[in-house]
Amino acid sequence: MLEQAYGTYRQLLKEGRRVEAQEFFDDNREKIGRYKSVEAIKRAEAQINEAIRMIERNKTMSPDVKRERIQRLQESKTRVAKSLAPK
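K.L.:
Help me out: how do you make sense of the overall build of the protein chain in this one?
P.N.:
From N to C terminus, the protein chain includes 4 helices and 0 strands. Reading the helices (α) and strands (β) of the protein chain from amino to carboxyl end gives α-α-α-α. The C-alpha atoms of the protein chain give a radius of gyration of 19 Å, which is well past the 12 Å a tight globule of 87 residues would have. Along the first, second and third principal axes, the C-alpha atoms of the protein chain reach 60 × 30 × 15 Å. Relative to its full complement of 87 residues, the protein chain shows a buried share of 25%. A fraction of 51% describes how many contacts in the protein chain between residues 6 or more apart in sequence connect residues 24 or more apart. Surface accessibility of the protein chain: about 6,700 Å² in total, with carbon and sulfur atoms responsible for 51%. If you average the places of the 21 positive and of the 14 negative side-chain charges in the protein chain, the two averages end up 6 Å apart.

Next up, the structure:
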């Protein structure tokens, strides 16, 4: 839904329909405003997931160390996701 609102807004701008884009933006200000926050959180979670995969593939790290590091990364992912939740 956020992506759709942002995409529509960007498409209107791209087509040079500035007045319509402004009206659409005014009607969907909250969604469009939250889009960048959501995208930043998605990128952060993707980076954490990649770090977890790297740990899982590591052949020299002990299982206990892997488990501990992955747990810390999962906790970080939870904090990142909670940062988007409404206050």
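Alright, that's what it looks like, and here's the rest.
K.L.:
Could you clarify how one ought to interpret helix α3 (residues 29–57) in this entry?
P.N.:
A turn of α-helix holds 3.6 residues, and therefore any two residues three or four places apart point the same way. Taking 1.5 Å of rise per residue, the 29 residues of α3 would be expected to cover 42 Å, and the 43 Å separating its terminal C-alpha atoms lies within 8% of that figure. Most pronounced at Tyr 35, the bend in α3 amounts to some 30°. Along α3, the residues that are buried comprise Ile 32, Tyr 35, Val 38, Glu 39, Ile 41, Ile 48, Ile 52 and Ile 55. Buried residues along α3 sit in contact with α1 (2–14), α2 (18–27) and α4 (63–82).

K.L.:
Looking at this structure, how should I read the pattern of salt bridges?
P.N.:
Two side chains bearing opposite charge may form a pair once their charged atoms approach each other closely. All told, the structure shown has 9 salt bridges when counted by the stated rule. Residues Arg 17 and Glu 15 are paired through a salt bridge, measuring 2.6 Å at the closest nitrogen-oxygen approach. Residue classification places Arg 17 among the partly exposed residues on the basis of a relative accessible area of 33%. Since its relative accessible area comes to 41%, Glu 15 is described here as partly exposed. Among the ionic contacts, a cluster of salt bridges with common partners joins Glu 3, Glu 39 and Lys 42.

Rules behind the numbers
Residues numbered from 1 in each chain as written. Predicted model: local features only at pLDDT ≥ 70, side-chain atom pairs only at ≥ 80, totals over all residues. Heavy atoms only, no water. Helix = DSSP H or I, 4+ residues; strand = E, 2+ residues; numbered from the N terminus. Rg over C-alpha atoms; globule rule 2.2 N^0.38 Å. Buried < 20%, exposed > 50% of the residue type's maximum accessible area, 1.4 Å probe, protein only. Contact = heavy atoms within 4.5 Å. Areas by Shrake-Rupley, 256 points an atom, 1.4 Å probe, with all protein chains shown as cover. Lys, Arg positive; Asp, Glu negative; His and termini not counted. Charge placed at Lys NZ, Arg CZ, Asp CG, Glu CD. Expected span 1.5 Å × (residues − 1). Bend = angle between axes of the 7 residues up to and from the residue. Salt bridge = Lys/Arg side-chain N within 4 Å of Asp/Glu carboxyl O.

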